[in-house]
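These are the residues of each chain, in order.
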Amino acid sequence: MPCKIPSILGTGLVLGLSPVATAVAFASEGPNLRGRAQFDAVVANNDEGSTFTGGEVRRFYLGVDGDLSEAVSYVVEADFSGPEVVLQDVALAYQATPSLELVAGHFKPPVTHEDLTSDTQTLFLERSSFAGAFAPGRRVGVAANYARERWGLQGGVFGEAEHSAVDGDAGGARLLALRAYGDLLPGEAALHLGASTYHLDASSQDPTVRLSQRPETARVPRALDTGRFAADEAQFLGLEAGFGLGPLTLQGEAGAIEYEGPAVSPRFSGWSGQVAWRWTGEARPYDVASGTFGRVRPDRPWGQGGFGALETGLRVSRLDLDDAAIAGGEMTTYGAVINWLPVTRLRLSANLIQARIEDGAVGVTDETLLTLRAAVDW
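Computed from a predicted model, the values in this text were never measured in an experiment. (Residues numbered from 1 in each chain as written. Predicted model: local features only at pLDDT ≥ 70, side-chain atom pairs only at ≥ 80, totals over all residues. Heavy atoms only, no water.)

## With respect to the nonpolar core
Then comes step 1: Ranked by size, the top nonpolar core spans 38 residues in total, and within it Phe134, Tyr198, Phe229, Ile257, Tyr259 and Phe268 carry the most contacts.
Then comes step 2: Ranked by size, the runner-up nonpolar core spans six residues in total, among them Tyr181, Ala190, Tyr286 and Val288. (Core = buried A, V, L, I, M, F, W, Y, C linked by side-chain atoms within 4.5 Å. Buried < 20%, exposed > 50% of the residue type's maximum accessible area, 1.4 Å probe, protein only.)

## Some thoughts on the side chain of aspartate 119
Then comes step 1: Among the structural elements, aspartate 119 can be located in the loop between α2 (113–116) and α3 (129–134).
Then comes step 2: A polar contact of 3.0 Å, which involves the side chain of aspartate 119, links it to the side chain of arginine 36.
Then comes step 3: Ignoring any residue separated from it by four or fewer positions in sequence, one finds aspartate 119 in contact with Arg36, Gln38, Arg59, Tyr61, Arg127 and Arg347. (Helix = DSSP H or I, 4+ residues; strand = E, 2+ residues; numbered from the N terminus. Polar contact = N/O pair within 3.5 Å; in protein donor to acceptor, adjacent residues only side chain to side chain. Contact = heavy atoms within 4.5 Å.)

## A closer look at a nonpolar patch on the surface
Then comes step 1: On the surface, Leu33, Phe60, Leu62, Phe80, Val85, Trp302, Phe307, Val343, Leu346, Leu348, Val376 and Trp378 cluster together into a nonpolar patch covering about 1000 Å² of accessible area.
Then comes step 2: Secondary structure elements with two or more residues in the nonpolar patch: β2 (49–67) and β21 (346–359).
Then comes step 3: Residue placement: valine 376 occurs in strand β22 (residues 363–377).
Then comes step 4: By relative accessible area, which is 34% here, valine 376 ends up partly exposed. (Patch = residues over 30% accessible without salt bridge, like charges linked within 9 Å, V, L, I, M, F, W, Y side chains within 5 Å. Areas by Shrake-Rupley, 256 points an atom, 1.4 Å probe, with all protein chains shown as cover. Salt bridge = Lys/Arg side-chain N within 4 Å of Asp/Glu carboxyl O.)

## Brief notes about the pairing of strand β14 (residues 233–245)
Every regular strand shows the same layout, with side chains that alternate between the two sheet faces.
Then comes step 1: Burial along β14 is one-sided: the residues Ala234, Phe236, Gly238, Glu240, Gly242 and Gly244 are buried and none of Glu233, Gln235, Leu237, Leu239, Ala241, Phe243 and Leu245 is.
Then comes step 2: Across twelve bridges, the pairing between strand β9 (residues 190–201) and β14 is antiparallel. Within β14, the residue paired with alanine 195 across the bridge is leucine 239. (Pairing = 2+ DSSP bridges.)

## Observations concerning the environment of glycine 252
Then comes step 1: Considering the arrangement of structural elements, one finds glycine 252 in strand β15 (residues 248–260).
Then comes step 2: Beyond its immediate stretch of four places on either side in the chain, glycine 252 contacts His113, Leu239, Glu240, Ala241, Ser272 and Gly273.

## Some words on the pattern of salt bridges
Then comes step 1: Evaluated as defined, the whole model comprises 27 salt bridges.
Then comes step 2: Across the pair lysine 108 and aspartate 115 runs a salt bridge whose closest N-O atoms are separated by 3.6 Å. A single burial state applies to lysine 108 and to aspartate 115, both of which are buried.
Then comes step 3: The partner of arginine 345 in a salt bridge is aspartate 377, with the nearest N and O atoms 2.5 Å apart. Separated by 32 residues along the polypeptide, arginine 345 in the loop between β20 (327–343) and β21 and aspartate 377 in strand β22 bring together distant segments of the chain.
Then comes step 4: Overall, aspartate 377 belongs to the buried group, its relative accessible area being 10%.
Then comes step 5: Here the salt bridges do not stand alone but share partners, grouping Arg34, Arg36, Asp40, Arg58, Arg59, Asp65, Glu77, Asp119, Glu126 and Arg373 into one network.

## So, the environment of alanine 96
Then comes step 1: Counting through the fold element by element, alanine 96 comes out in the loop between β4 (86–95) and β5 (100–107).
Then comes step 2: For alanine 96 and alanine 144, which are 48 residues apart along the polypeptide, the C-alpha to C-alpha distance reads 9.9 Å.

Set out below in structure tokens:
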């Protein structure tokens, strides 16, 4: 049976980035082209008035994936939406046993179920402030993904990230990550419980850290910012929960990160909770191999006698980057989203965000943001 890239590789790189990547991509016959295109328009309103960003490309990924043999697969993908090409996943996966996959390359460490869910399948257009602030980002490493019928275990060892807030500039950072989860309900319903953790040894070249976060909307200014502080190491612990039955999905997660440094040792925390309902009756299937809820597939696609799938969702999240020695601010975010999927891989969305930002130096600021998105993936 051909193996599949495990879920800890959310997405994957592109041809032409290096001779090695090109050789890997064409080492087997018939590589599969893959990619996604997401186009946004944002209206932002705060104390200074309203601003319309106009149209912008949020993501434009191109890449390939395929099998080198019955036991080895690969994925290669990059994002071309910005001024520079940004590396996404470039990895090889080896199916050691029916339950165990070994992975090497550049991909996401197994931390938080929302960060591990592909942005083509998340309920909201952007991940929660909690996941955005504390997920360590893609980096070079090796990992194992072990999944049984009702539970799974993921772990890996990684180096520094090219662009990572949690461990400063590249140069000797090391990260050890572990995630365990299970589905506690047999049958159609899914009850997901899980936990993830990582230990980080910060960069030896520049052991300074700076955490910041936007109000769950891309291409707007960052609302929270700790400024730079020195840190030798950090420890993160997060908890996850989810429930899915028919058109209803409930998800939540919470956690905290503690830094150890020569001058300050701050602790930051956050949480998020969301609920989704599909008015056309579709389910978000739970994938025990990844410990995440997957893609909505319309039961009656547009053009085939149906309307497609219509999904609505609500989310509340809280991020606290304040500590006794560091005033990074606090933010509470309320979100509402409408997703219409005429066919499986085409999504039209409207995402409304209300954010309350508490900054000790500035005071309390309220921001209202509306994002409209047209997205397709293949």
